[in-house]
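# Report on the structure
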Amino acid sequence: MLRIPTALAALLLAGTAQAAPVTVDNCGEPLTFETTPKRMVTQDINISEMAFALGLQDHMVGVSGISGWYKTTPDFEKKRGDLPEIAPKYPSMENLVASGADLFFGGWYYGMKPGGDVTPETLGRQGIKTLILTESCIHVDKERPAASLDLLYDDVERLGKIFSREDEASTLVEGWKSRVAAVQEAVSGREPVKVFLYDSGEDKPFTAGRFAMPTAMIEAAGGRNVTADMETSWGTTSWEAVAAADPDFIILLDYQDSGGADKLFAFLQAHPVLGHLKAVQENRTLPLRYEELTPGPANIDGVEKIARALYPDAF
């Protein structure tokens, strides 16, 4: 009979033992993991960057929803490495099952639609758990609080808990909070600048409401989102409402497609009403990328950029 030294036996047992169950909040419902996921798929640039910030590439089998909408940065591609893209926009059930995923980190209108083919319920029947982006919970739970940067902090801390990277997540979050605090100190006491975010749309503008991350970012930078009274995260308003709000500054969501932010600004200049806004006439605008305005690590860079654009003399 082969005898294994006691210390070595203990190490072998430790290496094969399952991690203790971990439970996190998931849009107000508990989501429990008996073991650490090994085959996660992330949706969109912003969510993928959350995973990359914690070094979770070894626990991933792919990303989704990247090339169909956005141009990526060299830094993103370096972090992505050889992880395949399973779908250019929204993944199908077949895409996710074929990838071998055991966890899908997406959200409502971040890879899933209420009542669609890919939901936490339908994925669960295939043995795939779903971690839901907290910002998107408003689409299934109307009793959510208004947007704050906690949307980012809490999601990263949930990831840290699920993957036993709690210390790394805490270090990231504390660093981000320190940077935001420095911004808020610099702009303290200033009269809030009125800001409009123009995402897309010509007949009606698509923009950020009360529950969307840009509202929290604009407030953290010392401004006020003129569409913060919209009882949604992302949605449409009217050009008449924008004109009546008379924003002092406009953020342009730069998808970097054909024309990008320049195309959006040209539309505003040519618009019979919006073209008369002082913010348009004086080109008081700031282009920001999708991943800077949707929940993810780039939000902190975004807050700093917004604050410097609104209050250049404070920095």
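Residues numbered from 1 in each chain as written. Predicted model: local features only at pLDDT ≥ 70, side-chain atom pairs only at ≥ 80, totals over all residues. Heavy atoms only, no water.

Along its length, the protein carries 13 helices and 13 strands. Compactness check: the protein gives a C-alpha radius of gyration of 22 Å against a globular reference of 20 Å for 315 residues, within 12% of the reference. Oriented by its inertia axes, the alpha-carbon framework of the protein measures out at about 90 × 40 × 40 Å. At a minimum sequence separation of 6, the contacts of the protein that also span at least 24 residues come to 65%. Roughly 14800 Å² of accessible area belongs to the protein as shown, and the carbon and sulfur atoms make up 51% of that amount. Side-chain charges of the protein comprise 29 positive and 45 negative groups, with the mean position of each set lying 3 Å from the other. (Helix = DSSP H or I, 4+ residues; strand = E, 2+ residues; numbered from the N terminus. Rg over C-alpha atoms; globule rule 2.2 N^0.38 Å. Contact = heavy atoms within 4.5 Å. Areas by Shrake-Rupley, 256 points an atom, 1.4 Å probe, with all protein chains shown as cover. Lys, Arg positive; Asp, Glu negative; His and termini not counted. Charge placed at Lys NZ, Arg CZ, Asp CG, Glu CD.)

At a minimum axis distance of 10 Å, the contact between helix α7 (residues 166–187) and helix α13 (residues 298–310) shows a crossing angle of 10 degrees. With respect to their mutual orientation, α7 and α13 come out roughly parallel. Packed against α7, whose contacting residues are W176, R179, V180, V183 and V187, the element α13 presents I300, D301, V303, E304 and A307 at the interface. (Axes fitted to C-alpha atoms, helices over the stretch in contact; angles between N-to-C directions. Parallel < 35°, antiparallel > 145°, perpendicular 65-115°, else oblique.)

Moving on, we come to the pattern of salt bridges. Applying the stated rule across the entire model yields 10 salt bridges. We note a salt bridge from R289 to E291, for which the minimum N-O separation is 2.7 Å. The class for R289 is buried, based on a relative accessible area of 15%. What makes E291 buried here is its relative accessible area of 6%. In this structure, a network of salt bridges that share partners links the residues R179, D301 and E304. (Salt bridge = Lys/Arg side-chain N within 4 Å of Asp/Glu carboxyl O. Buried < 20%, exposed > 50% of the residue type's maximum accessible area, 1.4 Å probe, protein only.)

Here we take up helix α8 (residues 213–220). Of all eight residues that make up α8, seven are buried, and the element is covered over most of its length. Buried residues of α8: M213, P214, T215, A216, M217, I218 and A220, and no others. Looking at the residues trailing α8, positive phi occurs at G222, about 95 degrees.

This paragraph deals with the sheet that holds strand β10 (residues 223–225). Read from one edge of the open sheet, four strands run β10-β8-β12-β13, paired in parallel fashion. Since the sheet does not close on itself, it has two edges, and those belong to β10 and β13 (285–289), each with one partner. Each neighbouring strand pair of the sheet contributes to a mean axis angle of 35 degrees, computed without reference to strand direction. Direction of pairing for strand β8 (residues 193–198) relative to strand β12 (residues 249–254): parallel, over a ladder of four bridges. Within the sheet, the bridge partner assigned to F196 lies in β12 and is I250. Where α8 meets the sheet, it contacts β8, β10 and β12, and its direction lies at approximately 155 degrees from that of β10. The strands touched by helix α10 (residues 260–270) within the sheet are β8, β12 and β13, with β12 carrying the most contacts at an inclination of about 135 degrees. (Pairing = 2+ DSSP bridges.)

Here the focus is a negative patch on the surface. Taken together, the side chains of D25, E29, D150, D154, E157 and E174 present a region of like negative charge at the surface. Counting residues per element, the negative patch draws most heavily on helix α6 (residues 150–162), which supplies three residues. For E29, a relative accessible area of 53% puts it in the exposed group. (Patch = residues over 30% accessible without salt bridge, like charges linked within 9 Å, V, L, I, M, F, W, Y side chains within 5 Å.)

Looking at the element boundaries, D229 is found in the loop between β10 and β11 (234–236). Of the residues examined, D229 reaches a relative accessible area of 61% and is grouped as exposed.

With that out of the way, let us pick up the state of the cysteines. What the rule picks out here adds up to one disulfide. The disulfide partner of C27 is C137, and the S-S distance across this bridge is 1.9 Å. What sets the handedness of the C27 and C137 disulfide is the S-S torsion sign, and at about -90 degrees it is left-handed. Remark: C137 occurs in the loop between β7 (129–132) and α6 and C27 occurs in the loop between β1 (22–26) and β2 (29–33); sequence separation between them is 110 residues. (Disulfide = S-S within 2.5 Å.)

Spatial relationships are all this shows, so hold off on functional conclusions.
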